[in-house]
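Tertiary structure, described
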Amino acid sequence: MKAANKQLTEWDAELNQLHERNGDLVLKVQMLEQELKEAQRDREANKNSAPTVAEFPEPADLLNQLKARRKKSKADLADMDTVVELLSLLWSSETVP
């Protein structure tokens, strides 16, 4: 009888530990669910605020800015037009899902 009581006491203690662990895990799951919801909200907000089309300056404006910064630059308007075209292609390939 003493052995049975001892076994029941051990099982009861183990069950209490499992209940405590379960409570801790439930709390952790709730916290992670909350973090996930916040991350999803942030992602949606970022997605909604991100521009859908990149707007690059006109090639002539870029050329003028370049010449203002680098007086000896040998770039011309055709070069700037190519740069803007390459940037728009690069940007559009990065934003396509």
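Since we're looking at a predicted model, the values are computed, not measured.

1. Description of the overall build of the chain
- Scanning the chain from N- to C-terminus turns up three helices and zero strands.
- Taken from the N to the C terminus, the helices and strands of the chain come in the order α-α-α.
- Buried positions account for 7% of the 97 residues belonging to the chain.
- Of the roughly 9000 Å² of accessible surface on the chain, 56% is carried by carbon and sulfur atoms.

2. Focus on the confidence of the model for the chain
- Mean pLDDT over the chain: 85, with 90% of residues reaching 70 or higher.
- The least confident element of the chain is helix H3 (residues 77-95), whose mean pLDDT is 81; the most confident is helix H1 (residues 2-49), at 90.

3. Regarding the nonpolar core
- Leu-62, Leu-63, Ala-75, Met-80 and Val-84 together form the largest nonpolar core, which totals five residues.
- Secondary-structure elements contributing two or more residues to this core are helix H2 (59-69) and H3.
- In contact with Met-80, other than residues within four places in its own chain, are Pro-59, Leu-62, Leu-63, Leu-66 and Ala-75.

4. Observations concerning H2
- Those residues of H2 lying buried are Pro-59, Leu-62 and Leu-63. Along the axis of H2, the buried positions cluster into a sector of 100°, meaning they face one direction only. With respect to the buried face of H2, the exposed residues turned more than 90 degrees away are Asn-64 and Ala-68.

5. Brief notes about the environment of Leu-66
- Note that Leu-66 resides in helix H2.
- Leu-66 sits in the partly exposed class, given a relative accessible area of 22%.
- Sequence separation of Leu-66 and Asp-76 is 10 residues, and the distance between their C-alpha atoms is 9.8 Å.
- Discounting residues that sit within four places of it in the chain, Leu-66 has contacts with Ser-73, Ala-75 and Met-80.

6. Re the side chain of Ser-73
- Among the structural elements, Ser-73 can be located in the loop between H2 and H3.
- Since its relative accessible area comes to 16%, Ser-73 is described here as buried.
- A distance of 3.3 Å separates a polar atom in the side chain of Ser-73 from the backbone nitrogen of Ala-75.
- Discounting residues that sit within four places of it in the chain, Ser-73 has contacts with Leu-66 and Lys-67.

Rules of the game
Residues numbered from 1 in each chain as written. Predicted model: local features only at pLDDT ≥ 70, side-chain atom pairs only at ≥ 80, totals over all residues. Heavy atoms only, no water. Helix = DSSP H or I, 4+ residues; strand = E, 2+ residues; numbered from the N terminus. Buried < 20%, exposed > 50% of the residue type's maximum accessible area, 1.4 Å probe, protein only. Areas by Shrake-Rupley, 256 points an atom, 1.4 Å probe, with all protein chains shown as cover. pLDDT = per-residue confidence, 0-100. Core = buried A, V, L, I, M, F, W, Y, C linked by side-chain atoms within 4.5 Å. Contact = heavy atoms within 4.5 Å. Arc of directions from axis to C-beta. Polar contact = N/O pair within 3.5 Å; in protein donor to acceptor, adjacent residues only side chain to side chain.

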